[in-house]
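# Chains, contacts and geometry: an overview
These are the residues of each chain, in order.
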Amino acid sequence: MSSTLEQIAEQLIKGKANDVRALVQKAIDEKVKPSDILNKGLLAGMSIVGERFKKNEVYVPEVLIAARAMKAGTEILKPLLVAAGVKPIGTVVIGTVKGDLHDIGKNLVGMMLEGAGLRVVDAGINVEPEMMLKLARENNATIIGASALLTTTMTNMKTIVEAVKAAGLSGKIKVMIGGAPVTQAFCDEIGADGYAPDAASAADLAKALLKK
Ligand code: B1M
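Residues numbered from 1 in each chain as written. Predicted model: local features only at pLDDT ≥ 70, side-chain atom pairs only at ≥ 80, totals over all residues. Heavy atoms only, no water.

### Structural notes on the site of the ligand
As a matter of local geometry, the ligand sits amid 32 residues, with Leu101, His102, Asp103, Ser147 and Thr151 nearest to it. Within the backbone of Thr151, an N or O atom sits 2.9 Å from an oxygen atom of the ligand. When contributions to the shell around the ligand are tallied by element, the ones reaching two or more residues are α3 (34-54), α4 (60-81), α5 (104-115), β3 (143-147), β4 (174-178) and α9 (199-211). Partitioning the shell around the ligand into residue classes produces 19 nonpolar, 9 polar and 4 charged. Counting contributing residues per domain, the shell around the ligand is built from domain 1 (2-83) and domain 2 (91-211), each supplying no fewer than three. (Near = heavy atom within 4 Å. Polar contact = N/O pair within 3.5 Å; in protein donor to acceptor, adjacent residues only side chain to side chain. Helix = DSSP H or I, 4+ residues; strand = E, 2+ residues; numbered from the N terminus. Nonpolar A, V, L, I, M, F, W, Y, C, P; charged D, E, K, R; others polar. Domains from an automatic or database assignment.)

This is the structure in structure tokens:
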């Protein structure tokens, strides 16, 4: 009999959103650490889906169904990952760059940022650089967080950095970036203020950028 975390991964791979939701609740009731439910259950399942997608063993519809199951699980986990009632230490506008529809990682980063005490304004997916900047200004945000999952869209992060610069807001609004194809070298190349490889380091990075 597999553990609850293994069952979460198995049902996520099958795309069974209701089962994933119920199993995540079961794990919570069993007092499993929320970060373990996320990393060893949900993300473990999603990484297997990613591997199979890469090898053409599964296709876009299966991946979408698995992503929906992942969302069902993270929705229940969110309140546990986010500290309740803490006064925000700053505001971040977060979004997936223009041309890119991947939002699972971006949503996780958003949750971790909220968990770190930041107010998060979610600009959504396929966001124009100007919209990121507009939302940052409207919400007095000091950080723009951009996510990209495609090598073809990560170049749009440079446009965000340039838009902030053109508005004379470099230094006042910091741009942090992340996503599977993004690297520190790319961050340096485009002049962004910081790169984080995962959601937990994104929260640390945002806190460090607020202090700069
Ligand atoms: Co897409 N897809 N996809 N996909 N997809 C990838 C990214 C791919 C690597 C799959 C593969 O070939 N192995 C590949 C990209 C290849 C490349 O460019 N190098 C790919 C492709 C090609 C495509 C399409 C072009 C497929 C097609 O149509 N032929 C298409 C593009 C659509 C578009 O965006 N315009 C497409 C579509 C889709 C779906 C819609 C089916 C679905 C997205 C559903 C959704 O997001 N709602 C999907 C999925 C699910 C994936 C994989 C399988 C999983 C992505 C994911 O959610 N991972 C992915 C393969 C893979 O990554 N293994 C793949 C889990 C998530 C938690 O990780 O997003 O990396 P990730 O986020 C991490 C870190 O990167 C980091 O923190 C997160 C948590 O630790 N992070 C940040 C992310 N953003 C950050 C921001 C930060 C800091 C850290 O600061 C602001």
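### Describing the environment of Ile177
Here Ile177 shows up in strand β4. On a C-alpha basis, the gap between Ile177 and Ala146 in space is 4.9 Å, while along the polypeptide they are 31 residues apart. Setting aside its immediate chain neighbours within four residues, Ile177 contacts Ala146, Met157, Val182, Phe186, Cys187, Ile190, Ala192, Gly194, Tyr195 and Ala196. (Contact = heavy atoms within 4.5 Å.)

### With respect to the domain arrangement of the chain
Reports of interface size often rely on the accessible area that becomes lost once the parts have come together. Looking at the assigned domains, one finds that the chain contains domain 1 (2-83) and domain 2 (91-211). Computed over C-alpha atoms only, the centres of domain 1 and domain 2 are separated by 25 Å. With both sides pooled, the region where domain 1 packs onto domain 2 buries about 760 Å², and carbon together with sulfur makes up 77% of that total. Where domain 1 meets domain 2, there are 1 salt bridge. Where Asp103 meets Lys71, a salt bridge forms, and the shortest distance between an N and an O atom there is 3.5 Å. Put simply, domain 1 and domain 2 have 1 residue pair in polar contact (both at pLDDT 80 or more) between them. Those elements that place two or more of their residues in the side of domain 1 that touches domain 2 are α3 and α4. Broken down by element, the side of domain 1 that touches domain 2 gets its largest block of residues, 6 residues, from α4. Of the residues that constitute the side of domain 1 that touches domain 2, the class distribution is 8 nonpolar, 1 polar and 2 charged. (Buried area = accessible area lost by both parts, 1.4 Å probe. Salt bridge = Lys/Arg side-chain N within 4 Å of Asp/Glu carboxyl O.)

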